[in-house]
Amino acid sequence: MVRRIDVSGSGGVRLAAWEFADPPKRSCGAGGAGEAGRSRRGGPGAVLLLHGLMGRAAHWAETARWLSARHRAVALDQRGHGRSERPADGPYTRDAYIADAVAAIEALELAPAVLIGHAMGALTAWQLAARRPDLVRALVICDMRASALGAATQREWGEWFRSWPVPFATLADVRKWFAEGDPTLERPRPARGDYYAEIMAERADGWRPAFSRRQMLQARETYAHDAHWEELALVECPALVVRGPDGELGRAEAQEMVRVLPRGRYAEVPDAGHLVHYDQPEGWRRAVEPFLESVLPG
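As a starting point, this report considers the structure included with it. It should be emphasised that the depicted structure is a prediction, and the values quoted were computed from it without experimental measurement.

### Remarks on the pairing of strand β1 (residues 3-8)
By the alternation rule, side chains of β1 split into Arg 3, Ile 5 and Val 7, which are all buried, and Arg 4, Asp 6 and Ser 8, of which none is buried. In this sheet, strand β2 (residues 14-19) lies alongside β1 in antiparallel orientation, the contact comprising six bridges. Among the inter-strand pairings, Asp 6 is bridged to a residue of β2, identified as Ala 16. What sits between the antiparallel neighbours β1 and β2 is a turn of five residues, in which Gly 11 has the positive phi angle 70°.

### Some details on the side chain of Asp 182
Along the chain, Asp 182 falls in the loop between α5 (171-181) and α6 (190-197). At a separation of 2.9 Å, a polar atom in the side chain of Asp 182 contacts the side chain of Trp 160. Only 2.9 Å separates the side chain of Asp 182 from the side chain of Thr 184, close enough to count as a polar contact. Among all residues touching Asp 182, those that are not within four sequence positions of it are Trp 160, Trp 177 and Arg 192.

### Observations concerning the sheet that holds β2
The mixed open sheet is built from eight strands, whose spatial order is β1-β2-β4-β3-β5-β6-β9-β10. A single partner strand is all that each edge strand has here, and the edge strands are β1 and β10 (264-268). The sheet shows a mean angle of 25° between the axes of neighbouring strands, direction not considered. Across the sheet, helix α3 (residues 120-131) is in contact with β3 (46-50), β5 (113-118) and β6 (136-142); its angle to β6 comes to roughly 150°.

Conventions we followed
Residues numbered from 1 in each chain as written. Predicted model: local features only at pLDDT ≥ 70, side-chain atom pairs only at ≥ 80, totals over all residues. Heavy atoms only, no water. Buried < 20%, exposed > 50% of the residue type's maximum accessible area, 1.4 Å probe, protein only. Helix = DSSP H or I, 4+ residues; strand = E, 2+ residues; numbered from the N terminus. Pairing = 2+ DSSP bridges. Polar contact = N/O pair within 3.5 Å; in protein donor to acceptor, adjacent residues only side chain to side chain. Contact = heavy atoms within 4.5 Å. Axes fitted to C-alpha atoms, helices over the stretch in contact; angles between N-to-C directions.

Right, here's the structure in full:
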């Protein structure tokens, strides 16, 4: 079962969190059942999953399901994404995303939680861990660089967004373009087509992104120009850096991130691209599960 829990984020922005298991019933001595939609306490067995730029909580579904067999697994639609609010004026800053994640952890009583983040969500996770170590038990960083991405990449992303042949007539067209037709691809990636099909919404004229591409560029602008090594070095908890050979995080930089992290570890998922957990879910689980078993109670 998957259930939605609405959370008030920074500035009152409505966030949608998704819990991927039936919570146990509260006993009378535990404070009663509470209001509808309220979940059980998290404690040391809780995991919060943070998607990347343009992603959504549903992209974590397979990970959350195997996690939920032993732990409480919650995935968050971050502001501007999924079913969460998309405030026209934002803000879509690092501080806003971090404050939203803190609000979710506190409102859902997840602390101390393991944070699992992909790309932008991984950056949010390690920045939160650096600022609020009391809320974080451990950290999984999936394919996010600590080095500055650079101004040129912002221009490239803008050009890439403009190249999308929207509206797409069908979801099959979405899958085909993002898996094969996208000129930025070096080789076909069927899982990538499925990934992007999940972030489209049907409109009167066809299928379009369920998010604002302008807002996505605003969100990326707030971290693309800066390096994030100093905050990485402040992460006190155990941390696992995961990459795929065809992803955006190179092996040398990933290993340097592990060196900088006070308690860093490294894992590589064979044949994976940037969407490691979605591209190679079985390899992702093999890489991550032993780490989680070492930091989480059964």
